[in-house]
Amino acid sequence: MSTKSPKKAAPAQSGGGMQGFLNAVERIGNKTPHPVLMFAYLIVLVMVGSALLSLFGVSVTDQIAVPIEHLAEPDYYEDTTAQVVQPPSDYEEEHFEIKEVTITANSLLSVEGIRFIFSQFVNNFAGFSVVAVTFIAMLGAGVAEESGMLNALIRKLVHVTPRKALAYLLILIGVISSIASDAGYLILVPLGAAAFLSVGRHPLAGLAACFAGVASIFMVNPIIAPIDAMITEIANEAIGVAGGAPISIVANLFFSIAFSFIMAFVVMLVTERLVEPRLGKYVPEAGAAAASAEDVAPEGEARGLKFAGYGFLSVLVLIVLLTAFPGAPLRHPETGAIIGQTPFMDSLLFMVMMFFLVSGIAYGIGAKTIHSANDVIKAVTKTFAGLGGMVFMLLMISQFIAFFNYSNMPRLAAVSLAGVLEHANIGAIPLLIGFMLVIVVLDLIMPGALPKWAIFAPIFVPLFMRLDIAPQTLLAAYRVADSPMNSITPLMVYLPIILTFAQRYQKDAGIGTIVALMMPYAIIVLVVWMFLFIVWFVLGIPLGPGYLPGV
């Protein structure tokens, strides 16, 4: 007989205030159709909406940052014997230019739209990189989990970390993991749930804390990430139009470092003061994951961890050899750079997978939980078998995103809202707040950081410069606004994966469960971060070395 989930206990349901609101959100959210059906309905809605917008001739004209196209430009994987036009010697990152573009609504029910639906259906899914990323990341993590290495590492982490510091440490790792893009969602989030469970805390609280660390603080990092180079380049193109001096990639460095630690602390407080009390004590349901027992003898586990350390070091040495020296394979072939748009940065997820795969196999050999190559194959097969339902959801999500983008509805909304703010004729601080709120709203339908910034930078960078507000300040405001909603937007491509992780511990968890879990983070992180940003701006604290908030 299954044990009733504590989330459904009477006290939790009868609570008032924020608790009552979140319970209502969860109930309503869980009554929504299955995510596959929900996205099917949304596809129909987009089709009808695009047809109506096209019928009425809806369009906008604006200046937008667009990537510069390089004819026959080689990348570092092409056959170097082919005749190609070499890129400029200073080519490091994708460059952008400001162009005046007229954006029209494209009907999905027109001849061209129907042709797109039928001809691109397979390509939309094949080009949806989340599917491949998920399988690659889970390959290594699955072997590490099946061998017992993850459980052993969690026990070791819990043993050496004070109980009160466990949540903060996991959240901060989540913030830093954004440099490896998808690894945080696919590896750290389930690890956080298991770590909380191992110390008797609710696993969904650990899952939510790590998800918030990865998603809701995404745009800051104590380490310079590839996204920093791209958004800085777009900003510089907009600055050039206004006749200003370009900013460097470190223009927000102090801001990013400070708020990586500050917002991780805020997320920890939300976890411990709001999320965990609402969840209550965790009582495993029948068939749900339970706290792992030490089914490996202590000496075997110690030997396994020692072997895992050797495996980790072997992969690390290999990566250093492929990166450290001039002309190394993982450096950019033209500039020799390691950070930026380089083979090294493009390989981060593969490296993470290799660390987990090799270390997991080595642990299994040392702990004697892996006896042959067949055991490794079985672990991978078991992991992949559990992803079937999620892949079906990703199929529908890929089609919705492709159709939504084809209709141009997100871009029409973004430019229209930008125009409203541009002509609002209000002061600098209210305009900054208005700018951030518009980004927050648009993040629900356009989660990608680059597309929104490409639309807004050419409009608002010159406008704020006329108000004596520096471009680095607007860029910092964009970082604040673009992150918090990532954990609750229905277009977050990893939301179905997070739901799959949650269902390990609560079988009846639905989209409403995840949204109710993450809403306190989204709201509180946004409010606190916006307030602290305004304080930072008013006090004139440097955003980076040599970059003050004012012009």
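Every value quoted in this text rests on a predicted model; they were computed, and no experiment measured them.

## Describing the overall build of the protein chain
If you tally the helices and strands in the protein chain, you get 22 helices and two strands. Among the 551 residues that make up the protein chain, the fraction classed as buried is 51%. Taking the intrachain contacts of the protein chain between residues at least 6 apart in sequence as the baseline, contacts between residues at least 24 apart amount to 82%. Surface exposure of the protein chain reaches about 23900 Å², of which carbon and sulfur atoms provide 67%.

## Focus: the side chain of S107
Considering the arrangement of structural elements, one finds S107 in the loop between strand 2 (96-104) and helix 4 (111-126). Within the local environment of S107, its side chain forms a polar contact with the backbone nitrogen of L109, the two atoms lying 3.1 Å apart. The residues contacting S107, other than those within four sequence positions of it, are S50, A51, S54, G113 and Y406.

## Description of the side chain of N486
Among the secondary structure elements, N486 is positioned in the loop between helix 20 (471-482) and helix 21 (495-502). Given a relative accessible area of 4%, N486 falls into the buried group. Look past the residues within four positions of N486 in its chain and what remains in contact with it is A215, F218, D443, P447 and M492.

## What to know about helix 14 (residues 348-367)
The end-to-end C-alpha distance of helix 14, which contains 20 residues, comes to 28 Å, matching closely the 28 Å that a straight helix rising 1.5 Å per residue would cover. By the criterion of burial, helix 14 is predominantly enclosed, with 15 of the 20 residues buried. K368 lies just past helix 14 and shows a positive phi near 65°.

## Things to note about the pattern of salt bridges
When the charged atoms of two side chains with opposite charge come close together, those side chains can pair. Scanning the model with the defined rule gives eight salt bridges in all. Salt-bridge contacts for K452 lead to D443; the nearest nitrogen and oxygen are separated by 3.0 Å. Grouping residues by exposure puts K452 and D443 together as buried. The partner of D482 in a salt bridge is K452, and the shortest N-O contact between them spans 2.7 Å. Of this pair, D482 sits in helix 20 while K452 is found in helix 19 (residues 449-466), placing the two residues 30 residues apart along the sequence. Each member of the pair, D482 as well as K452, is classed as buried.

## With respect to helix 3 (residues 35-55)
Over its 21 residues, helix 3 runs 30 Å from end to end, which matches the ideal 30 Å to within 8%, given 1.5 Å per residue. Listing the buried residues of helix 3 in full gives P35, V36, M38, F39, I43, V46, M47, G49, S50 and A51. Phi turns positive, to about 65°, at G57, one or two residues after helix 3.

## Quick word on the packing of aromatic side chains
Counting across every chain of the model gives 19 aromatic pairs. With 6.3 Å between their ring centres and 65° between their planes, F435 and F464 make a pair best called edge-to-face. On the criterion of sequence distance, the pair formed by F435 in helix 18 (residues 428-443) and F464 in helix 19 is long-range, its members being 29 residues apart. We classify F435 as buried; its relative accessible area is 0%.

## Overview of the nonpolar core
Grouped together as the largest cluster of nonpolar side chains are 162 residues, with contacts concentrated most on F211, F255, F435, W453, F456 and F460. In terms of residue count, helix 22 (residues 511-539) provides more of this core than any other element does, 17 residues in total. L330, F344, L348 and M351 belong to the second-largest nonpolar core, a separate cluster that totals eight residues.

## Observations concerning unusual backbone geometry
Phi at K368 takes a positive value of approximately 65°, unusual for a residue other than glycine. Inspection of the secondary structure puts K368 in the loop between helix 14 and helix 15 (373-385). In this structure, N408 is a non-glycine residue whose phi angle is positive, near 70°. With respect to the helices and strands, N408 occurs in the loop between helix 16 (388-407) and helix 17 (409-422).

## Observations concerning a nonpolar patch on the surface
Taken together, V44, V48, L52, L55, F56 and V58 make up a surface patch of nonpolar side chains, about 590 Å² in accessible area. With respect to the helices and strands, the residue L52 is situated in helix 3. L52 gets classed as partly exposed once you look at its relative accessible area, which sits at 46%.

## Focus on the packing of helix 11 (residues 253-279) against helix 22
The contact between helix 11 and helix 22 brings their axes to 9 Å, and the two run at 145°. Here the hand of the crossing between helix 11 and helix 22 comes out right-handed. Its residues placed into classes, the contact of helix 11 with helix 22 shows 23 nonpolar, one polar and one charged.

## So, the packing of helix 4 against helix 16
At a minimum axis distance of 10 Å, the contact between helix 4 and helix 16 shows a crossing angle of 140°. In terms of their interaxial angle, helix 4 and helix 16 are classed as oblique. Two packed elements cross with a definite hand, and for helix 4 against helix 16 that hand is right-handed. Residue-level inspection shows E112, G113, F116, I117, F121, N124 and F125 of helix 4 in contact with helix 16, the latter providing V391, L394, L395, S398, Q399, A402, F403 and Y406. Residue composition of the contact of helix 4 with helix 16, by class: ten nonpolar, four polar and one charged.

Parameters at a glance
Residues numbered from 1 in each chain as written. Predicted model: local features only at pLDDT ≥ 70, side-chain atom pairs only at ≥ 80, totals over all residues. Heavy atoms only, no water. Helix = DSSP H or I, 4+ residues; strand = E, 2+ residues; numbered from the N terminus. Buried < 20%, exposed > 50% of the residue type's maximum accessible area, 1.4 Å probe, protein only. Contact = heavy atoms within 4.5 Å. Areas by Shrake-Rupley, 256 points an atom, 1.4 Å probe, with all protein chains shown as cover. Polar contact = N/O pair within 3.5 Å; in protein donor to acceptor, adjacent residues only side chain to side chain. Expected span 1.5 Å × (residues − 1). Salt bridge = Lys/Arg side-chain N within 4 Å of Asp/Glu carboxyl O. Phe/Tyr/Trp six-rings, centres within 6.5 Å; stacked < 30°, edge-to-face > 60°. Core = buried A, V, L, I, M, F, W, Y, C linked by side-chain atoms within 4.5 Å. Patch = residues over 30% accessible without salt bridge, like charges linked within 9 Å, V, L, I, M, F, W, Y side chains within 5 Å. Axes fitted to C-alpha atoms, helices over the stretch in contact; angles between N-to-C directions. Left-handed = near helix turned anticlockwise from the far one by under 90°. Nonpolar A, V, L, I, M, F, W, Y, C, P; charged D, E, K, R; others polar. Parallel < 35°, antiparallel > 145°, perpendicular 65-115°, else oblique.

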